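Spelled out, the chains give:
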Amino acid sequence: MHYIDAAMEAAHGKDCIGREKHLLAEAGLISYFLELAKQLHAMGQDVVIDHGFWTRKELDGAVDYLEKAGVPYTVETVEADFDTRLSRVEHRVDGKPFTKDKLKLFDSFYED
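From a predicted model like this one, the values you see are computed outputs, not experimental measurements.

What counts as what
The residue numbering used here restarts from 1 in each chain and proceeds along that chain's sequence as written. Per-residue local features of the predicted model are confined to residues with pLDDT of at least 70, and side-chain atom pairs are confined, for both listing and counting, to 80 or more; whole-chain, interface and lining totals are unaffected and use all residues. Each side-chain value is worked out from all heavy atoms of the structure, with water and hydrogens disregarded. Each helix corresponds to a stretch of at least 4 residues labelled H or I by DSSP, and each strand to a stretch of at least 2 residues labelled E; elements are numbered beginning at the N terminus. Expected span of a helix: the number of residues minus one, times 1.5 Å. Under the scheme applied here, a residue whose accessible area is under 20% of the maximum for its type counts as buried, over 50% as exposed, and between as partly exposed, the area being computed with a 1.4 Å probe on protein chains only. When we speak of the arc, we mean the arc of directions from the helix axis to the C-beta atoms. For this analysis, residues touch if any pair of their heavy atoms sits within 4.5 Å. Between 30 and 60 degrees the pair is tilted, below 30 it is stacked and above 60 it is edge-to-face, where a pair is any two Phe, Tyr or Trp rings, Trp via its six-membered ring, whose centres lie within 6.5 Å.

Caption draft 1: Structural detail: helix H3 (residues 56-69). The end-to-end C-alpha distance of H3, which contains 14 residues, comes to 20 Å, matching closely the 20 Å that a straight helix rising 1.5 Å per residue would cover. When H3 is considered as a whole, its buried residues turn out to be Glu58, Leu59, Ala62, Val63 and Leu66. Buried residues along H3 cover an arc of 130° about the axis, so they all sit on one side. For H3, the exposed residues lying more than 90 degrees away from the buried face are Lys57 and Lys68. In this structure, the buried side of H3 is in contact with helix H2 (19-42). At the exit of H3 stands Gly70, carrying a positive phi of roughly 75°.

Caption draft 2: Layout of the packing of aromatic side chains. Here the structure, examined in full by the defined rule, presents one aromatic pair. On the numbers, 5.2 Å between centres and 75° between planes, the contact of Tyr32 with Phe33 is edge-to-face. Accessibility expressed as a relative area gives 48% for Tyr32, which makes it partly exposed.

Written out as structure tokens, the structure reads:
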């Protein structure tokens, strides 16, 4: 489970809190993990922030923060076609069906 999912589940249970509330909570978590990455870097530790899906705005904000904080970074991406991604998430949400239409909706939230 990726850290945003785990933190959201810990805070709100498995109930959906809605996209707007989710985005606000997610932004706070990203800020927290970027600050933590800065602190760990200062202690000589390498850090991997595996967010899963970044919007362009989120990624640009993270890069800007890390650059201003003097933290070296590398952005790595993994590409997967639609059918591969669908097969990975079909049974991910408590066994509830994750349909092609739902994945297309999620895809619309993110830029290439």
